[in-house]
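Descriptive structure summary
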Amino acid sequence: MNYEILANTIFPNIDKEPEYYISKYPKRNLKEGAKVTRYAPSPTGFQHIGGVFSALIDERIATQSEGVFYLRIEDTDQKREVAGAIEDTINTMHKFGLDFTEGMTGDNTYKGEYGPYRQSEREEIYKTFARDLIKKGLAYPCFCTSEDLEQLREKQISEKLTPGYYGEYAICRNLSPEEALKRIGEGEKYIIRLKSPGNPENRVEFHDLVKGDISFPESNQDIVIIKSDGLPTYHFAHAIDDALMGTTTVIRGEEWLSSLPIHIQLFDVLGFDRPEYAHTPTIMKLDGDSKRKLSKRKDPESAVSYYDEEGYPMISVIEYLLNIINSTFEQWREENPSSDYHEFRVYLDKMSKSGALFDIVKLSDVSKNVICKLKADVVYDYYINWAKNYDKEMYDIVTNNELMCKEIFNIDKEGPKPRKDFAKWNDVKEKIFFFFDELFNSTSEEIEFPKNIDLAEAKRVIEAYAKAYNFNTDKDTWFEELKVVAVELGYATDRKAFKKNPENYKGMVSDVAGCVRTALTYRNNTPDLYTIMQIMGEERVRNRFAKFLKL
Ligand code: GLU
């Protein structure tokens, strides 16, 4: 009876019982095997690539099983909250093709029958359950100050004991309801703690969907369930929300694994069925010889905005993350080059159990493979969309030369081995600048020459070639004509003959082509030269030769 008075004194405005919510949020009616997952970020405003990684796993597991993927906002730490962060999260995920079936739809709106989906709006629910636990003697107010707790910690550490608020060290756990009521009446500050029924000598066996079979001692920590601001801790909110919202599969970062004993106990104490858990590896990066967490401060690639700014197509990032999630994705992609990634089935038990390594070079490879398969028109659209925001000069140039740009993006595309020039839209300018007079100037660009050929010799070649050059020819004739110039200038057209007596020649016909390439592009390495010359058009080619001869 006294516990009841205590509970009602602590929560005078709560008038519901747990049963009310349990019947308000009935079991979901889903087909057998359907998984309910959630993405549950704190609205701090920073979109970390790890968030996309988590949400992708959640979305795949839910969608593959025809289940539900919902967005819950964990904003019980209100100091960290940033305005607009919820919409930003939704928009970011949408860009990556990750759309929620249920949950928050905006800063103040949601869809679904299990809401509200924002923890700060669920205060009454948490308090209802906390009040019930107090009534049953399973939770209690704790009046210890932070100094008291610090002293306790120091004592435990010096005595080599497990630190924490538990057993005999949990001073307030044994206060009688009368004493507690008296202290509350005197205006003392308090928080609510669980009266843990655990005994660390017992072990709990558990099967994690990623980590496999694990076991750990029962928790005996009297963890905080309601903080002094009246809001729940992560632990308490997790148990109540995931139970009432019908989450079947809690997929979250492995940093939560060590709290699992607490969570399992909370589900038991609250009388809820435990969900399945999958603790996913943290995204790491190789730094020198050692691995470390991708850091918001040190690694620009930790921010989702980085991929936008650099112009990685979102689908490249998703395919790269799928590689990290299941390394079998790479082979699947090779075997199914044109399938939609949604057809690849993600398995939690095939995830790496230790750190997932994030490697920007590998991302570039994946992205080149993605972009090389896109049609030139699509590349054009993607590119101008990116350039509009991040490179106004290129946006103007490219949109003023739409047809030509589509031809450029189509170079060597249709064949069985399309070129892999671009990993991201920020690479495009450097690869195509030479087509545009406004970007082609020798003072700003380092000129590359064929090996063993200097400016004087290159000029000699261009002078001769400019006279012989014919625009209106097919590729074979064009090459034959180039060969004639080469021979005139003392270059070999036969590799064997050249190899045998290199001293008899200036070089090979490929060096002559190389000089033409240099004069037209200032580069040593470009797509097919004949195609470039056709796209540039006769006038531009001739102007380039003239310009080169004046260098
Ligand atoms: N809000 C928690 C976080 O951002 C979510 C963890 C979970 O998914 O349960 O880490």
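Residues numbered from 1 in each chain as written. Predicted model: local features only at pLDDT ≥ 70, side-chain atom pairs only at ≥ 80, totals over all residues. Heavy atoms only, no water.

Cut-off, in case you're wondering: UniProt positions are given in the numbering used here, feature names are shortened, and annotations may be inferred rather than shown by experiment.
Under an unreviewed UniProt entry, the protein has the name Glutamate--tRNA ligase and belongs to Clostridium sulfidigenes. What UniProt states about the protein under its Catalytic activity (unreviewed entry) heading is, verbatim, "tRNA(Glu) + L-glutamate + ATP = L-glutamyl-tRNA(Glu) + AMP + diphosphate".

**Structural notes on the packing of helix α8 (residues 234-244) against helix α9 (residues 260-270)**
Cut-off, in case you're wondering: Note on method: axes are straight lines fitted to C-alpha atoms, helices fitted across the in-contact stretch only, with angles between N-to-C directions ranging 0 to 180 degrees. Strands are runs of DSSP state E lasting at least 2 residues, helices are runs of H or I lasting at least 4, and numbering of each runs from the N terminus. Put simply, angles under 35 degrees are roughly parallel, angles over 145 are roughly antiparallel, angles from 65 to 115 are roughly perpendicular, and the rest are oblique. Here a crossing is called left-handed whenever its near helix is offset anticlockwise from the far helix by less than a right angle, and right-handed whenever the offset is clockwise. In this analysis, two residues are considered to be in contact whenever any of their non-hydrogen atoms come within 4.5 Å of each other. All residues other than Ala, Val, Leu, Ile, Met, Phe, Trp, Tyr, Cys, Pro, Asp, Glu, Lys and Arg, Gly among them, are scored as polar; the first ten of these are nonpolar and the last four charged.
Where α8 meets α9, the closest approach of the two axes is 10 Å, and the angle between their N-to-C directions is 55°. In this view, α8 runs oblique relative to α9, as classed from their interaxial angle. Relative to α9, α8 is oriented so that their crossing is right-handed. Across the interface between the two elements, Tyr234, His235, Phe236, His238, Ala239, Ile240, Asp242 and Ala243 of α8 pack against Ile262, His263, Leu266, Phe267 and Leu270 of α9. Across the contact of α8 with α9, the residue classes break down as nine nonpolar, three polar and one charged.

**Let's talk about helix α7 (residues 177-185)**
Let me state the cut-off plainly: Throughout this description, buried means an accessible area under 20% of the type-specific maximum (1.4 Å probe, protein chains only), exposed means over 50%, and partly exposed covers the range between. The directions from the helix axis to the C-beta atoms form the arc being described.
Within α7, the full set of buried residues consists of Pro177, Ala180 and Ile184. What you see down the axis of α7 is that its buried residues fit within an arc of 65°, all on one side. More than 90 degrees from the buried face of α7, the exposed residues found are Lys182 and Gly185. Buried residues along α7 sit against α1 (2-10) and β5 (139-142). A positive backbone phi angle near 85° is found at Gly187, which sits one or two residues after α7.

**Topic: the sheet that holds strand β3 (residues 102-104)**
Put simply, the test is: When DSSP finds at least two bridges between two strands, those strands are taken to pair.
Strand order in the open sheet formed by four strands is β1-β2-β3-β4, and the pairing between neighbours is mixed. With partners counted over all chains shown, the strands left at the sheet margins are β1 (36-39) and β4 (110-111), one partner each. Direction of pairing for strand β2 (residues 68-71) relative to β3: parallel, over a ladder of two bridges. Following the sheet pairing, Tyr70 is matched in β3 by Glu102.

**Section: the site of the ligand**
Condition: In these notes, residues near a molecule or strand are those with any non-hydrogen atom within 4 Å of it. Pairs of N or O atoms are called polar contacts if they sit within 3.5 Å, as long as, within protein, a hydrogen donor faces a hydrogen acceptor (for residues adjacent in sequence, only side-chain-to-side-chain pairs). A 1.4 Å probe and the Shrake-Rupley method give the accessible areas. Residues count as covered only by the protein chains that appear here. Lining residues are defined by having an atom within 4 Å of a point belonging to a cavity or pocket. Those points lie on a 1 Å grid over the protein atoms alone, cavities being sets where a 1.4 Å probe fits but cannot get out and pockets being open sets with protein on both sides within 12 Å along at least five of seven lines. Grid points define the cavity or pocket, and a molecule sits in it when more than half of its atoms lie within 2 Å of them.
The environment of the ligand is made up of Arg38, Ala40, Ser42, Glu74, Tyr234, Arg252 and Trp256. In the environment of the ligand, a nitrogen atom lies 2.8 Å from a nitrogen or oxygen atom belonging to the backbone of Ala40. Here an oxygen atom of the ligand and a side-chain polar atom of Tyr234 are 2.4 Å apart. The protein chains hide 78% of the 300 Å² of surface that the ligand would expose on its own. One can see that the ligand is located within the largest pocket.

**What to know about the sheet that holds strand β9 (residues 224-226)**
In space, the three strands of this open sheet follow the order β5-β6-β9, with antiparallel pairing throughout. A strand with exactly one partner marks an edge of an open sheet, and here the two such strands are β5 and β9. Along the sheet, successive strands turn relative to each other by an average axial angle of 45°, direction set aside.

**Quick look at unusual backbone geometry**
Here the bond from Gly115 into Pro116 is cis, since omega is -5°, no more than 30 degrees from zero. By the element assignment, Pro116 lies in the loop between β4 and α5 (123-135). Not every positive phi belongs to a glycine, and Lys160 is a case in point at roughly 55°. Within the secondary structure layout, Lys160 lies in the loop between α6 (146-158) and α7. Look at Tyr522: it is not a glycine, yet its phi comes out positive at around 60°. For Tyr522, the position within the fold is in the loop between α21 (509-521) and α22 (529-536). What makes Tyr522 buried here is its relative accessible area of 0%.

**A closer look at the nonpolar core**
Filter applied, for reference: To define a nonpolar core, start from buried Ala, Val, Leu, Ile, Met, Phe, Trp, Tyr and Cys residues and group those joined through side-chain atoms within 4.5 Å.
Val52, Phe53, Phe129, Ile225, Phe236, Ile240 and Phe358 are the most contacted members of the largest nonpolar core, which has 106 residues in total. Non-local contacts of Val52, meaning those with residues more than four positions away in its chain, are made with Met93, Phe96, Leu98, Val304, Ile318 and Leu321. Ala458, Val509, Val512 and Met536 belong to the second largest nonpolar core, which has 62 residues in total.

**Some points on the UniProt feature "short sequence motif: 'HIGH' region" (unreviewed entry) in the protein**
When the UniProt feature table is mapped to this numbering, "short sequence motif: 'HIGH' region" (unreviewed entry) covers residues 41-51. Between the C-alpha atoms that bound residues 41-51 the distance is 8 Å, and the span itself is 27% helix and 0% strand.

**What about the side chain of Asp208?**
As a reminder of what qualifies: Here Asp and Glu are counted as negative and Lys and Arg as positive; His is not counted, and neither are the chain ends. Only one rule defines a salt bridge in this text: a Lys or Arg side-chain nitrogen within 4 Å of an Asp or Glu carboxyl oxygen.
Inspection of the secondary structure assignment puts Asp208 in strand β7 (residues 203-208). Look at Asp208: it is buried, it has no salt bridge, and the nearest opposite charge is Lys211 at 6.6 Å. One polar contact links the side chain of Asp208 to the main-chain amide nitrogen of Val210, over a distance of 2.9 Å. Contact partners of Asp208, with chain neighbours within four places excluded, come to Ile214, Leu257, Tyr277, Ala278 and His279.

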